[in-house]
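Each chain, letter by letter, is given below.
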Amino acid sequence: MNARPNGPAARYWVEESIKLTNLDPEIEVDEVTAIAGTDRVRPIKSNTYDLEWFISWLKGTVEREGCIPGSFVTGKVDENRMRAVAKFPARDALEKAGATLKRGAHIGFAHRGPTLAVIVPEEHQYMIKISATQYQAQKAQWEAMTEGRRGKKAFVRINEKRNGMVFINVQGSEEQEIGPLKVRVEGLVAGERLDAEHWHSSFLQSERTLREKVSATGALLVVDRRFQALRLFGGSNVVAAAKDCIRDEVQRLALMEYEIPIARQSVRFFVATGLQILKDTLGEDSVTLDVASCTLKLKGGDDAIQHARKLVEEAIAAASDGVLPSVEGNEDGSICPICYDTAAHPEVLSCGHSCCEPCLLHYLTSAATSNKFPLICMGDEASCNTPISIPIIQRYLTKQRFDHLIDVVFSSHIQSNPQKFKYCTTPDCTQIYQCDTGKQFHKCPSCFSEICSSCNEEAHEGMTCEERRIQSNPAEQERLTEEWAQSNNIKRCPSCNVLTEKTEGCNHMECRCGVHFCWICRGTFDERSIYGHMNTVHGGIYVPDPGNRNPAPAPIPLFGAQALQEHMRAEREIEAARLRREELQRRLVEDQRRRREQALAEQRLQAARDQERWRLQLAQERRRQEEARLAAEVARREAEKKKEGSFCAIM
């Protein structure tokens, strides 16, 4: 059975029919009728061409246009379409080849080849794929991003495949616009990674169950096994609802009882020391020891499980060494430098100082919010300053808390060295670059923006940082322009505010906006009364300007001159645009007048033609009437002759 076609051919489609393909182009309908055993056979129009010749022609064409040797490859898209790809060393060569193929200017192409769709990709493009499930959870966000970028120099194109994958293409012609858009797309693809408050180690085994619970909120949940964290995908409202659901699940799991098996040889350690340590840390009712089954039963979250596993490792080490710590665990009576009390169940640091395990645990878990690094021993009245080793920190913290602490330490290091490290200036871009590398400009590998390493602003080749600062500050440009104008006796027109310079002549100034004004006081007058004003008020028309205290040309600030030149150039462009508009308006009026005259002439000509046509028709009608009258007269005479008859005289 053949599938329903698309387009105009669908109206000829019959569901109860069979399509026969790959027939000989020379075959006749009668032959197919004989083979099919039915006379209900309808031929379908199709293109016939030599595929091998066409591929050879296409390859030769792109090679002549300068494609990279060996880069031309072909592949099958589906039963009816093929794809050919060629790479070029430069953008100009690619666009030239695309234009050549689109024109189809080669001999024999229109008659010997199939329909050819030429696609020249955008100059800059970036592609990433996501699952269809994630796309559906974020569909509103993706649609908002694609709709908001229409008609711009960087945009997002989404391609949904049948294999359950969705390809997100970021394309554009300008690198400065495609970079920030790429960062936004990557952030949306990555989703939101949740913190330690939304994590429990059992999620590694119960991902499917948790995902089903969260799916009721409309969000998609994924377990990130690398960071042992959860990621959420969806709009802000559904993500907030999903967080509440996950937080409730974490609290529920924290109240459940967990069993941790211990080795038989470690039971003595827990009876003597370990059980009491856990009770002091987690609470009297949160942990029990089942000696018969060699099992620790405890209530709490990942922190409790992590602490219990640490003690299991210590128990194995104590059993192998044959050392059994006492219940107090501090025979020498050392003082904990954190709580200033005798260290209970001490943890001996590399410097020799001992800390209570609960104190050390609290110190390490709260370090991420203290922003004081490195983490050091506070012994000897906080003067020890020996860093706490990473293995000890890892023993007390879960993997997620440890990774979060590393991120906080890294951020603190960046912030404490602002002259050495800088963040990328593009919003949402998390890239960091080093300033003291000797490079003037840095190019961000994520958003492609170029940044000046001196002022941490957009790259400004050919300008100093001060010039770039002034250029980006319109108020500063205006101040420098006014300062330069005052020092060079340049004034603004009192009507249109354009900068005006008086080089010679009297003080009667006429601006191109049509206003006449006095150069001394900038008062506006008509053309006849201004001279009377200058003679009466200022004592003449050539009086020097008293406001020009420094007639000698002052040094022109670089940016003041540039700003003035830009201002003058902009005014010239505005004036030229005004003249173009006036000329265009004049041409439109002239064109409309010409069209009206042409229409009137055509109407007159048509009226004359209609009148002539009516005259001819009237003459023809009169001729037909005359011919009919003559014919009737002839017929009458013939009838009279027949009525009179004839006679013969016999003598």
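Right above here is the structure, for reference.
*Asks:* Explanation requested: the pairing of strand β2 (residues 82–85) in the structure shown.
*Replies:* Moving residue by residue along a regular strand, the side chains alternate between the two faces of the sheet. Where strand β1 (residues 73–76) and β2 come together, 4 bridges link them in antiparallel fashion. Residue pairing in the sheet places Val73 in a bridge with Val85 of β2. Following β1, the chain reverses through 5 residues before pairing antiparallel with β2.

*Asks:* Please explain the sheet that holds strand β6 (residues 192–193) as it appears in this structure.
*Replies:* Paired through their backbone hydrogen bonds, the strands of a sheet run either parallel or antiparallel. If you trace the 3 strands from one edge of the open sheet to the other, you get β6-β8-β7, paired in antiparallel fashion. Each end of this open sheet is capped by a strand with a single partner; those strands are β6 and β7 (220–224).

*Asks:* Teacher, can you tell me more about helix α19 (residues 530–537) here?
*Replies:* Since the α-helix turns once every 3.6 residues, residues separated by three or four places project in the same direction. Looking at α19, one finds that the buried residues are Ile530, His533 and Met534. For α19, the arc enclosing every buried residue in end-on projection is 95°, short of the 170-degree limit, so these residues lie on one face. Of the surrounding secondary structure, the elements contacted by the buried residues of α19 are β20 (508–510), β21 (516–518) and β22 (524–525). Once α19 finishes, Gly539 follows within two positions and takes phi at roughly 80°, a positive value.

*Asks:* I'm lost on unusual backbone geometry in this one. Help?
*Replies:* Leaving glycine aside, a negative phi is the common case for residues, and trans is the common case for peptide bonds. A positive phi is found at Asn385, a non-glycine position, where the angle reads about 60°. With respect to the helices, strands and loops of the structure, Asn385 is situated in the loop between α14 (379–382) and α15 (390–396). Judged by relative accessible area, Asn385 falls into the partly exposed class, the value being 43%. Phi at Asn497 is positive, roughly 70°, even though this residue is not glycine. Its relative accessible area of 43% is what places Asn497 among the partly exposed residues.

Procedures and definitions
- Residues numbered from 1 in each chain as written.
- Predicted model: local features only at pLDDT ≥ 70, side-chain atom pairs only at ≥ 80, totals over all residues.
- Heavy atoms only, no water.
- Pairing = 2+ DSSP bridges.
- Helix = DSSP H or I, 4+ residues; strand = E, 2+ residues; numbered from the N terminus.
- Buried < 20%, exposed > 50% of the residue type's maximum accessible area, 1.4 Å probe, protein only.
- Arc of directions from axis to C-beta.
- Contact = heavy atoms within 4.5 Å.

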